[in-house]
Amino acid sequence: MKPYPLDKVYQLIEPGPVVLLTTALDGRQNVMTMSWHMMMEFTPPRIGCIVSSADHSFAALSQTGECVIAIPSSDLAEKVVAVGNCSGRDTDKFAQIGLTALPAGKVGAPLIGECFANLECKVTDRDFVERHNLFVLDVVAAWHQPHDAAPKTLHHKGYGTFAVDGEDITLASKMP
């Protein structure tokens, strides 16, 4: 073993898949690329996510308490990177990048038509927002494209490098 640079540790353990987080504030929709998230509970489905206070989406998520987590397949990789490489402060990302905003059923943020799954979320815990920019979200509605049976997802490895899901394996499990 050799020492590993601490500023690169996130490249070893960063979760996946890369998702697109949508928000809406004062009639203006936005989307950001996000890979810092984690499942926290099975039922209700609960997700923790980090949204930097420097991100344009932070204000909308803080004020409305609503978002959509849209899960893109790897064939949207270039659009996912394009979303992450510009700011919603001065760009209509949906129009510029060519994503389709669809109305959600329970939140004001839009679904993304090109994504194989969309999770409508409401903020349920803000205890860690001030210290860590960590929002706790409950999924209140979920949507998927049934024709995308086994989509491959992107996993961020840092500095523009991504891994794409590989072969699935199934092992015996004693979990219900």
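In this report, the structure presented in the accompanying data block is examined. A quick note: this is a predicted structure, and the numbers were derived from the prediction, not measured.

Parameters at a glance
All chains use their own residue numbering, which begins from 1 and follows the written sequence. Residue-level local features of this predicted model are given only where pLDDT is at least 70; pairs of side-chain atoms are given and counted only at 80 or more, and the full residue set underlies all totals for whole chains, interfaces and linings. Working from all heavy atoms in the structure, the side-chain values ignore hydrogens and water. Any two strands between which DSSP finds at least two bridges are classified as paired. Only DSSP runs of H or I reaching four residues or more are called helices, and only runs of E reaching two or more are called strands; each is numbered from the N terminus. For helices, the axis comes from a line fit to the C-alpha atoms of the stretch in contact; other axes are also lines fit to C-alpha atoms, and the angle between any two N-to-C directions lies between 0 and 180 degrees. Any two residues whose heavy atoms approach within 4.5 Å are treated as being in contact. A pairing counts as a salt bridge when a side-chain nitrogen of Lys or Arg comes within 4 Å of a carboxyl oxygen of Asp or Glu. Each residue gets one of three labels from its accessible area relative to the maximum for its type: buried under 20%, exposed over 50%, partly exposed in between, using a 1.4 Å probe on protein chains only. Each Phe, Tyr or Trp ring (for Trp, its six-membered ring) is paired with any other whose centre lies within 6.5 Å, and the angle between the two planes then decides the class: stacked below 30 degrees, edge-to-face above 60, tilted in between. Here, nonpolar core means buried Ala, Val, Leu, Ile, Met, Phe, Trp, Tyr and Cys residues that are tied together by side-chain atoms lying within 4.5 Å of each other.

So, about the sheet that holds strand β3 (residues 37–41). Ordered by their spatial adjacency, seven strands build an open sheet running β2-β1-β5-β8-β9-β4-β3, and the pairing between neighbours is antiparallel. In this open sheet, the two strands that pair with only one neighbour each are β2 (28–34) and β3. On average, adjacent strands in this sheet sit at an angle of 35 degrees to one another, irrespective of strand direction. Alignment of strand β1 (residues 19–25) against β2, held across seven bridges, turns out to be antiparallel. Opposite Val19, over in β2, you have Met34 as the bridge partner. Packing against the sheet, helix α2 (residues 56–64) makes contact with β1, β2, β5 (66–71), β8 (117–125) and β9 (134–144), and its axis sits at approximately 60 degrees to β1.

For the rest of this paragraph, the subject is the pattern of salt bridges. Enumeration over the complete set of coordinates arrives at one salt bridge. A salt bridge links Asp138 to Arg46; its shortest N-O distance comes to 2.6 Å. Note that Asp138 is positioned in strand β9 and Arg46 in strand β4 (residues 46–50), a separation of 92 residues in sequence. Judged by relative accessible area, which is 12%, Asp138 ranks as buried.

Our next topic: the packing of aromatic side chains. Tallying each qualifying case throughout the model produces one aromatic pair. Between Phe58 and Phe135, the ring centres sit 5.5 Å apart and the planes meet at 65 degrees, which makes this aromatic pair edge-to-face. On the criterion of sequence distance, the pair formed by Phe58 in helix α2 and Phe135 in strand β9 is long-range, its members being 77 residues apart. Judged by its relative accessible area of 0%, Phe135 falls in the buried class.

With that out of the way, let us pick up the pairing of β5. The side chains of a regular strand alternate between the sheet's two faces. Along β5, five of the six residues are buried, which leaves the element largely enclosed by surrounding structure. Note that β5 and β8 share six bridges and pair antiparallel. The partner of Ile69 across the bridge, within β8, is Leu119.

Ranked by internal contacts, the top residues of the largest apolar core, which has 21 residues, are Met34, Val51, Ile69, Phe135 and Leu137. Taken together, the elements giving at least two residues each to this core come down to β1, β2, β4, α2, β5, β8 and β9. At four residues, β8 tops the list of elements feeding residues into this core. In this structure, Val51 is in contact with Met32, Met34, Ser57, Phe58, Leu61, Asn133 and Phe135, ignoring residues within four places of it in sequence. One finds Ala70, Phe94, Ile97 and Ile112 within the second-largest nonpolar core, a separate group that totals 13 residues.

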